[in-house]
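Here's the letter readout for the chains.
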Protein chains: 2
Amino acid sequence: MVSMRDIAKITGLSIATISRYMNHSGYVSEEASLRIQKALEETDYIPNRNAHALLTKRSGTIGLLVPSLVNPYFAYMATRIGNRIQKDQRGCILGFTEDNAKKEKRAMEMFMGYRVDGIIIVRAVEPTLWQALDVPIVSFESHIGPQIITVTADNVRGGRQAFRHLLEKGCRRFIHVRGPRWFTALAERETGFVEAATEAGKEVLFIQLEGDYQVDVSLDERRIDFSFQRGDGVFVFNDVNALSVMQAIKSQGLSVPEDVKVMGFDNNIASQFYNPSLTTVDQKVVETSNLCYELLDQLIADPSLDKRTRVVPVDLLERHSTAGVFA
Amino acid sequence: MVSMRDIAKITGLSIATISRYMNHSGYVSEEASLRIQKALEETDYIPNRNAHALLTKRSGTIGLLVPSLVNPYFAYMATRIGNRIQKDQRGCILGFTEDNAKKEKRAMEMFMGYRVDGIIIVRAVEPTLWQALDVPIVSFESHIGPQIITVTADNVRGGRQAFRHLLEKGCRRFIHVRGPRWFTALAERETGFVEAATEAGKEVLFIQLEGDYQVDVSLDERRIDFSFQRGDGVFVFNDVNALSVMQAIKSQGLSVPEDVKVMGFDNNIASQFYNPSLTTVDQKVVETSNLCYELLDQLIADPSLDKRTRVVPVDLLERHSTAGVFA
C-alpha cells in the first residue's frame, strides 16, 4: 500500500509538508497542495486513521456493543447501525458481552483503547462500567445513568397490548413466560401485561425459564417443563423464546392457535416465518436502530443534548399464532 | 479518562519517559518503571491503541467483512469470530458489503485506513479489490487470489449428498432452486447435485429465483412463481430460501414432506426450528469460524503460511422436511 513516504517521494516534498497538508495543521503553498492532491488521487492513497485519531482527538470510531448476534433482532439492528456508521466513513468496532460482566469490561477497554467518539450499547449487564466514562453513549433498553441517553420501546404499553389482544381472542387462562429478572425491558413487559390483567380481573400464571439458558437463543422445547393444559393464552417475553414455547405446546399434543394462543415481543425478522407465524409486539427495528445512531451522532456534535429517555411506540402485529376467537 | 499526562503528573516523570516505558521503546530505570506500573494500575489507565498502532506498525485490529448479518449463518459466524478477536484483545472492525461492490470498496478503505493486521472476508463481490493488498487475508467461500487463503465447505460433495438423500427417500422428479450465478459456492452446490443426478440417470428441473432479491433473506413466497406439482424432491441453495420454498409449496396446497420433500444447505441455527424442521447439509459453522480466525492468526505471525484452500467436510443432517419414503 502507498505510504506517506511514497507521496513525499512522488511530489519531491518533505513528509512534514505532506503531514501538514493532510491534517490541515499548518501552511502549505497552493502549488504544493495541488501536487500532493494529484499524487494522492493517482496512487489511491488511504490516510492512516490511527495517525489522524491522534492528531485530531477524533478517532472516527464508534463502539457497538451487543450481547451476541444470534438473536435476529440484534443481528438486524447491528446490520442497520453498522451500515449507517460505514456510510458516514466511520469505523464500527464490534464488542460482545454474551451477557457476561467480564466480557463487557473487556469490550469497554477495547472501545476506550481506540478512543472511540461514541458508543452504542445494546443491553448492558454492568451499568457501573459505563457511568463514569467521559464519552457519548446511547443505550438501547438499559437505563445506565443520567449522562447516557436510553432508547427503549414502550415495553409497558406493549405488555398491556399483548394482554388486551389475548383477552379479545377469548382467552381466559393467561400465562406469562418470564425472562431473566435483571433485564429491565423484560420486567417492564411483564408489568404491562400483569397491570392490564389485574384491571380486567384476571389472574396470570407465571413460567420462569430456569438455568443457564441464553435469552437470545430458542430453547430446546424439552427444557420447558410445564403443562400448557393449564392455560389458553400465552405471552412470551421475546420472539425467539415464543418459538420454543410453541414447539413445547405442540410436543404436548396441543395445537397453536386452536388450543392455545401464543404471542411474543420484538417482531424479529424470522417471526413472520415461524409456523404458525407469530403474533407479536413490533419493536420497530428500523426506527429504533436509526434513532440510536442519530442520537449518538447528535450527542457527539453537541454533548449538551437533552439526555431524557426516548420511548419508541410499539404496535401489535396480528399473525396466525392467535388466529380465531375462543367460544 | 486517565491520560498519559495524568500518569506523568502522578509519577513526577516526563511524558517521554512514560511513552518509552509503555512502548518498550527505550531505557527506563527500574525505579521509574515500578512507579509508572503502580500509577497505571491505580488509575485503570487504558493505553491508546491508535498511538500504539503508529509506533509498532501492529494495529491489533482485524477487519471482518460480511454481506449483512440477516442470514443467521453469517450472524453466528460473526459472533464466533468476533468473540475470538475480542478474547485475543484485538479490535474487530466490522464492514458490510450488502453484495454491492461500491460498499465493499468503502469497507476495504476503512480497513486499510485502520492499517488492520488482517482481514476475514465472508463472500467478496469484487475480488480485484483485495488481490493487490499487502495484508493477510482469509476468505470464506470466495476464491480471490493466490495470496489469499480460501476456507470453504465441500460444496460439491454437499450437493451430491443432497441428491443421494432425496433419491433414497424415493423422490423421482428433482428440482434445484438455484442461487445467483456469480456466487461460486452456490454454483458448486449445483454442480454436485447435477453430477450425482446425471450418474443416476435422472433429470433436474431448475428454478432460478429472479429479480433483486437478497440471497440472505427469506423470500416472500408469492414471488416464487413455479408449480411444485412438477417435482417431489427439491434441493434449495441455502436454508433461508428453503424456508420460502416450503411456504410456497404449502400455499399451493401441497404438504412437506408428504407430497414434496425439501432440503437446504447451511444448517443455520434457525433451520432446526423451521416447521417442518429442515433437512440440510451442515456447513459446521463453529469449525468453519474457528478455522478462519486461526488461519488468519497464523498468517499474521507467518506470511509464508501455505495458501492452499482449506476444505471443511460437510454432513447431511436429516430432519422432518424429508421424512418418510415415497412408495
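Parameters at a glance
Residues numbered from 1 in each chain as written. Chains lettered and ligands numbered in written order. Predicted model: local features only at pLDDT ≥ 70, side-chain atom pairs only at ≥ 80, totals over all residues. Heavy atoms only, no water. Helix = DSSP H or I, 4+ residues; strand = E, 2+ residues; numbered from the N terminus. Rg over C-alpha atoms; globule rule 2.2 N^0.38 Å. Buried < 20%, exposed > 50% of the residue type's maximum accessible area, 1.4 Å probe, protein only. Areas by Shrake-Rupley, 256 points an atom, 1.4 Å probe, with all protein chains shown as cover. Least-squares fit on C-alpha atoms with pLDDT ≥ 70 in both. Contact = heavy atoms within 4.5 Å. Pairing = 2+ DSSP bridges. Axes fitted to C-alpha atoms, helices over the stretch in contact; angles between N-to-C directions. pLDDT = per-residue confidence, 0-100. Salt bridge = Lys/Arg side-chain N within 4 Å of Asp/Glu carboxyl O. Expected span 1.5 Å × (residues − 1). Phe/Tyr/Trp six-rings, centres within 6.5 Å; stacked < 30°, edge-to-face > 60°. Buried area = accessible area lost by both parts, 1.4 Å probe. Polar contact = N/O pair within 3.5 Å; in protein donor to acceptor, adjacent residues only side chain to side chain.

Asker: What should I look at first to understand the overall build of chain A in this one?
Answerer: Tallying secondary structure elements over chain A gives 11 helices and 12 strands in all. In terms of overall dimensions, chain A is more spread out than a globule: its C-alpha atoms have a radius of gyration of 25 Å, far above the 20 Å expected for 327 residues. Overall, the C-alpha framework of chain A stretches about 85 × 35 × 30 Å when taken along its three principal axes. Out of the 327 residues belonging to chain A, those deemed buried represent 58%. Of the roughly 13700 Å² of accessible surface on chain A, a fraction of 49% belongs to carbon and sulfur atoms.

Asker: Just to check I follow, could you spell out the relation of the copies chain B and chain A for this structure?
Answerer: Between the two copies of the chain lies a rotation about an axis combined with a shift along it. For the match of chain B to chain A, the screw axis carries a shift of 0.0 Å, the RMSD comes to 0.0 Å, and the turn is 180 degrees. These values place the two chain copies in the arrangement generated by a two-fold rotation axis. When you check the interface residues of chain B against chain A, 98% turn up at the interface there too, and the contact is symmetric in its surfaces.

Asker: Where do I start with the sheet that holds strand β12 (residues 315-317) of chain A in this structure?
Answerer: To summarise the sheet geometry, strands pair through backbone hydrogen bonds and adopt either a parallel or an antiparallel arrangement. Residue and element names in this part refer to chain A. Across the sheet, which stays open at both edges, the 6 strands sit in the order β7-β6-β8-β9-β10-β12 with mixed pairing between neighbours. Single-partner strands in this sheet number two, and they are β7 (204-208) and β12. Direction aside, neighbouring strands of the sheet carry axes that sit 20 degrees apart on average.

Asker: In this structure, what is going on with unusual backbone geometry? I would like to understand it.
Answerer: A negative phi angle characterises most non-glycine residues, just as the trans form characterises most peptide bonds. Put simply, B:V256 and B:P257 share a cis peptide bond, and its omega is 5 degrees. Its place among the elements puts B:P257 in the loop between α10 (239-251) and β9 (261-266). Of note, the amide linkage connecting B:N275 to B:P276 takes the cis form, showing an omega dihedral of 0 degrees. With respect to the element layout, B:P276 can be found in the loop between β9 and β10 (279-282). Not every positive phi belongs to a glycine, and A:R115 is a case in point at roughly 50 degrees. Checked against the element boundaries, A:R115 lands in the loop between α6 (101-113) and β3 (118-122). Of note in this structure, B:E98 is not a glycine but carries a positive phi near 45 degrees. You can see B:E98 is positioned in the loop between β2 (91-96) and α6 (101-113).

Asker: For this particular structure, what's the right way to read the confidence of the model for chain A?
Answerer: The predicted coordinates of low-pLDDT regions are not to be read in fine detail. Confidence in the prediction of chain A, expressed as mean pLDDT, is 92, and 96% of residues score 70 or more. The ipTM assigned to the predicted complex is 0.89, against a pTM of 0.90.

Asker: Whenever I open this one, the pattern of salt bridges confuses me. Can you help?
Answerer: Pairing is possible between side chains of opposite charge, provided their charged atoms come close. The full count for this structure, using the stated rule, is 30 salt bridges over all chains. One salt bridge connects B:R123 with B:D99, and the closest N-O pair in it is separated by 2.8 Å. Here B:R123, found in the loop between β3 (118-122) and α7 (128-131), pairs with B:D99, found in the loop between β2 and α6; they are 24 residues apart in sequence, far enough to count as distant. B:D99 sits in the partly exposed class, given a relative accessible area of 25%. Measuring nitrogen to oxygen at the nearest pair gives 3.0 Å for the salt bridge that ties B:R178 to B:E190. Remark: B:E190 occurs in helix α9 (residues 184-199) and B:R178 occurs in strand β6 (residues 174-178); sequence separation between them is 12 residues. Residue class for B:E190 comes out buried when judged on its relative accessible area of 8%. Via salt bridges that share partners, A:E141, A:R189 and A:D266 belong to a single interconnected network.

Asker: Even after reading the chapter, I still don't get helix α11 (residues 285-301) of chain A, so can you show me in this structure?
Answerer: Every α-helix winds through 3.6 residues per turn, so residues three or four apart in the chain are directed the same way. With 17 residues, α11(A) ought to run about 24 Å at 1.5 Å a step, and its terminal C-alpha atoms sit 25 Å apart, in line with that. Of the positions making up α11(A), those classed as buried are A:V285, A:T288, A:S289, A:N290, A:C292, A:Y293, A:L295, A:L296, A:L299 and A:I300.

Asker: Honestly, the packing of aromatic side chains in this entry has me stumped. Any pointers?
Answerer: Where two aromatic rings form a pair, the distance of their centres and the angle of their planes describe that pair. Residues and elements named next belong to chain B. Going through the model one piece at a time under the given rule, you end up with 16 aromatic pairs over all chains. For the ring pair F235 and F265, a centre distance of 6.5 Å and an interplane angle of 55 degrees mean the geometry is tilted. Taken as a pair, F235 in strand β8 (residues 233-236) and F265 in strand β9 lie far apart in primary sequence, 30 residues in all. Judged by its relative accessible area of 0%, F235 falls in the buried class.

Asker: Just to check I follow, could you spell out the interface of chain B and chain A for this structure?
Answerer: With 53 residues of chain B at the contact, the number on the chain A side is 52 residues. Between chain B and chain A, the buried area comes to about 4700 Å², and carbon and sulfur atoms account for 61% of it. Inspection of the chain B/chain A interface yields 0 salt bridges. Inspection of the region where chain B meets chain A yields 19 residue pairs in polar contact (both at pLDDT 80 or more). The set of elements that each furnish at least two residues to the side of chain B that touches chain A consists of α4 (49-56), α5 (72-87), β2, α6 and α10 of chain B.

Asker: Looking at this structure, I do not really get the pairing of β3(A). What am I missing?
Answerer: As a general feature of sheets, a regular strand has side chains that alternate between the two faces. Residues and elements named next belong to chain A. With 5 of 5 residues buried, β3 is to be regarded as a mostly interior element. Burial of the side chains of β3 extends over both faces: G118, I120 and V122 are buried on one face and I119 and I121 on the other. Taken together, the 4 bridges between strand β1 (residues 61-66) and β3 define a ladder with parallel strand orientation. The residue of β3 that forms the bridge with L64 is I120. As paired strands, β3 and strand β4 (residues 137-140) are joined by 4 bridges and run parallel to one another. Bridging from a neighbouring strand, V122 pairs with F140 of β4.

Asker: Explanation requested: the sheet that holds strand β12 (residues 315-317) of chain B in the structure shown.
Answerer: Residue and element names in this part refer to chain B. Ordered in space as β7-β6-β8-β9-β10-β12, the 6 strands form an open sheet in which the pairing is mixed. The open sheet terminates on both sides in strands that have one partner only, identified here as β7 (204-208) and β12. In this sheet, adjacent strand axes meet at a mean angle of 20 degrees when their direction is disregarded. Bridge count for β8 against β9 is 3 bridges, and the pairing is parallel.

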